[in-house]
Amino acid sequence: PKVGDLRTNEDQTSGGSASAMEHFMSTGWRVFTNTANSTLGDCNYPTAATALYQFNDTADSSCTPAYNGNFTNPNYVASKTGFGKAADFDGTNTRINIGDSSNFAGNKLTFSFWANPGTANSSNYQLLFGNYIGGSFADYDFMIDRQTTQKLEVGITGSGSSFLWIMTDSAAFVTGTWKNYVIVIDTTESVNTDKIKIYVNGTLVARSHNTYGGSVTGSLLDTSDDFFIGDWAHDTSHRYSGLMDQVRIFPSALTQGDIDKLANET
């Protein structure tokens with residue numbers, strides 16, 4: 001398609017109809033009602049980012065350089081209102097490989113994404129993001145997962161296999177419901193409770209602790225292991241089931257003001 005092209009998308013709904021008119025912009029197809037003043041296609045909203053995956057019929061990043069994803073058995077469906085399309089993960093055969101983890105390495109990282117989970121796996125947690133390759137945690141491993149209890153869990157490992165773990169106290173995921181999730185990581189913070197923070201719809205819901213290990217310092221994802229969305233490199237029994245959209249990766253620790261903007265993005 002060329003910039004300015006129009007199409008009718010029967011996967012969308014608008015004003016109670018069974019379809020919606022879309023307009024092709026440089027960053028992808030947009031529903032007309034969301035074209036004006038939209039920040040969805042802005043790589044550097046609300047601050048400079050490394051990657052933005054919009055999943056409008058592609059797993060490519062909207063940022064430069066483009067760390068494009070390789071979507072195994074790709075499927076794209078209607079996203080939340082105004083967001084165009086989303087990546088659909090079936091929990092078994094789908095995952096996105098976005099390449100060398102070191103492309104995202106740093107001692108400050110923020111992950112923002114919208115998720116609408118499907119059925120939880122009753123026996124295994126599901127990976128939303130990860131470069132963990134199995135066995136004992138190695139240097140710079142990383143994972144964000146959805147527990148069988150619908151809690152959100154984050155684990156990071158620094159140099160020397162020192163690691164931190166964090167899990168929300170209550171269910172963060174509601175099947176069939178779109179929510180914005182932001183994970184802020186800053187290994188330069190002097191106390192463990194400030195090194196990882198989890199926000200859901202703009203609200204801080206959990207902070208890190210050191211129950212499982214020591215304090216993590218230094219650069220995260222500083223490894224050549226591949227980084228995945230919806231999976232990890234270990235096995236196939238922990239793949240995510242549900243929808244995901246607007247995945248943003250920032251090389252900084254976002255502020256509450258930035259997180260509020262992401263939770264209210266249109």
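A brief report on the enclosed structure follows. Computed from a predicted model, the values in this text were never measured in an experiment.

### What to know about the sheet that holds strand β13 (residues 163-167)
Across a sheet, paired strands are connected by hydrogen bonds in the backbone, their directions being either parallel or antiparallel.
Okay, step 1: Across the sheet, seven strands lie side by side as β5-β8-β17-β10-β11-β12-β13; this open sheet has antiparallel pairing. Whereas interior strands pair on both sides, the edge strands pair on one side only; in this sheet they are β5 (70-72) and β13. When strand polarity is set aside, the average angle formed by the axes of neighbouring strands in this sheet is 25°.
Okay, step 2: Relative to strand β12 (residues 152-157), strand β11 (residues 142-146) runs antiparallel, the two being bridged by five bridges. Each residue of the ladder has a partner; that of M143, found in β12, is G155.

### Here's the deal with helix α1 (residues 256-263)
Okay, step 1: Within α1 the residues assigned to the buried category are D258, I259, L262 and A263. End-on, the buried residues of α1 take up no more than an arc of 140°, which puts them together on one face.
Okay, step 2: Looking at the packing, one finds that the buried side of α1 touches β9 (108-117), β14 (179-186), β15 (196-200) and β18 (241-250).

### Here's the deal with the state of the cysteines
Okay, step 1: Summed over all chains, the structure comprises one disulfide.
Okay, step 2: With its sulfur 2.0 Å from that of its partner, C43 forms a disulfide with C63. For the disulfide bridge between C43 and C63, the dihedral angle about the S-S bond is near 105°, and by the sign convention the bridge is right-handed. Residue C43 is located in the loop between β3 (28-31) and β4 (51-53), and its partner C63 is located in the loop between β4 and β5; the two are separated by 20 residues in the primary sequence.
Okay, step 3: By relative accessible area, which is 11% here, C43 ends up buried.

Thresholds, definitions, all that
Residues numbered from 1 in each chain as written. Predicted model: local features only at pLDDT ≥ 70, side-chain atom pairs only at ≥ 80, totals over all residues. Heavy atoms only, no water. Pairing = 2+ DSSP bridges. Helix = DSSP H or I, 4+ residues; strand = E, 2+ residues; numbered from the N terminus. Axes fitted to C-alpha atoms, helices over the stretch in contact; angles between N-to-C directions. Buried < 20%, exposed > 50% of the residue type's maximum accessible area, 1.4 Å probe, protein only. Arc of directions from axis to C-beta. Contact = heavy atoms within 4.5 Å. Disulfide = S-S within 2.5 Å.

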